[in-house]
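Examining the three-dimensional arrangement
Letter by letter, the chains look like this.
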Amino acid sequence: MLKVAVLASGTGSNFAAIAEAAAGGRLHAQIVGLICNVAGAGCLMHAERLGVRAIVEPSKGVKTPEEREAYDLRVAAHIEALGAELVVLAGYMRLLTPAFIRRFPDKILNIHPSLLPSFPGLRVHESVLAHGCKVTGCTVHFVDEGLDSGPILAQAAVPVHEGDTPETLAARVHQAEHRLYPWAIEQIARGRVRIEGRRVIIAGPPAPPASPA
Ligand code: GRF
């Protein structure tokens, strides 16, 4: 069983999808803990419901480079104390410091609500709609020191519908995320994944889960 620590800041629907897959025996992974930087965030309620150990490490007021590095060191210490072998970012709204990323080389995953390398950063669905895209989606990638720029492990396409708002589109992309993220973690848990430069090779995979219509 791959030991996974999840870092989240918000509602935690991806965290819930991953923890439910693990609890249901659909993932060869054990969620050893949730680390949240926002007291009272929705993800903490999911952790309680699912019996996952939750650690709150508030990041409010953490601003200078020195404070950010010290903060990330505290988070890294939690991850190591939990014995995690993979760090999964699920709506973790903080930029990680290089020191943190170097501490877990090729062991940090993120999910982003667009088909990277299009639309990195924030306000993704607004930008997708402003560009008149017909297709969007989500991307699971390894984290490097750039913004949403690491090697891509998996993607799912999601259609943009006439009359979509950022909210309706976000909801459709979320559905795809909830299938794609557990699938991507399972490939790592099964030892099928290797990184070659910018490319991620998945050995003998079944197709990623189908996208929503
Ligand atoms: C997701 O859309 C994910 O792609 C982005 O943050 C959002 C988190 O949503 N990184 P949730 O908290 O998992 O519901």
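Described below are features of the structure shown in this document.

Reading the values: the criteria
Residues numbered from 1 in each chain as written. Predicted model: local features only at pLDDT ≥ 70, side-chain atom pairs only at ≥ 80, totals over all residues. Heavy atoms only, no water. Helix = DSSP H or I, 4+ residues; strand = E, 2+ residues; numbered from the N terminus. Rg over C-alpha atoms; globule rule 2.2 N^0.38 Å. Buried < 20%, exposed > 50% of the residue type's maximum accessible area, 1.4 Å probe, protein only. Contact = heavy atoms within 4.5 Å. Polar contact = N/O pair within 3.5 Å; in protein donor to acceptor, adjacent residues only side chain to side chain. 1 Å grid on protein atoms, 1.4 Å probe; cavity = no way out; pocket = protein on both sides within 12 Å on 5 of 7 lines; lining within 4 Å. Points joined across faces, edges and corners; volume = space filled by probe spheres on them. Nonpolar A, V, L, I, M, F, W, Y, C, P; charged D, E, K, R; others polar. Phe/Tyr/Trp six-rings, centres within 6.5 Å; stacked < 30°, edge-to-face > 60°. Lys NZ or Arg CZ within 6 Å of the ring centre and 35° of its normal. Salt bridge = Lys/Arg side-chain N within 4 Å of Asp/Glu carboxyl O.

Time to look at the overall build of the chain. Of regular secondary structure, the chain possesses six helices and nine strands. Taken over C-alpha atoms, the radius of gyration comes to 17 Å for the chain, in line with the 17 Å a tight globule of 213 residues would show. Dimensions of the chain along its principal axes, counting C-alpha atoms only, are 45 × 40 × 40 Å. With 213 residues in all, the chain has 47% of them scored as buried. Expressed as a percentage of contacts within the chain between residues at least 6 apart in sequence, the contacts between residues at least 24 apart total 66%.

As a further point, take the side chain of His 112. By the secondary structure assignment, His 112 is in strand 5 (residues 108-112). When its relative accessible area of 4% is taken as the criterion, His 112 is described as buried. Reaching out from His 112, the side chain makes a polar contact with the backbone oxygen of Phe 119 at a distance of 2.7 Å.

Take the layout of surface pockets next. Estimates place the volume of the largest pocket at around 1000 Å³. Taken together, 38 residues form the lining of the largest pocket, with Gly 91, Tyr 92, Met 93, Ile 111 and Leu 122 sitting closest to its centre. Classifying every residue of the lining of the largest pocket gives 15 nonpolar, 16 polar and seven charged.

For the coordinates displayed, the defined rule picks out one aromatic pair. Between Phe 100 and Phe 104 the ring centres are 5.1 Å apart and the planes differ by 55°, which places this aromatic pair in the tilted class. Residue classification places Phe 104 among the buried positions, given a relative accessible area of 9%. The aromatic ring of Tyr 71 is capped on one face by Arg 94, whose charged end is 4.8 Å from the ring centroid.

Quick look at the pattern of salt bridges now. When the charged atoms of two side chains with opposite charge come close together, those side chains can pair. Under the counting rule described, the total for this entry stands at eight salt bridges. One salt bridge in this structure joins Glu 126 and Arg 123, with 3.4 Å as the shortest N-O distance. Under the relative-accessibility criterion, Glu 126 is labelled partly exposed at 30%. By relative accessible area, which is 60% here, Arg 123 ends up exposed.

Here the focus is the environment of Ala 19. As for its position among the elements, Ala 19 is in helix 1 (residues 13-23). As for Ala 19 and Val 62, which are separated by 43 residues in sequence, their C-alpha atoms are 29 Å apart. Sequence-distant contacts of Ala 19, that is, excluding residues within four places in its chain, are made with Ile 31, Leu 50 and Val 52.

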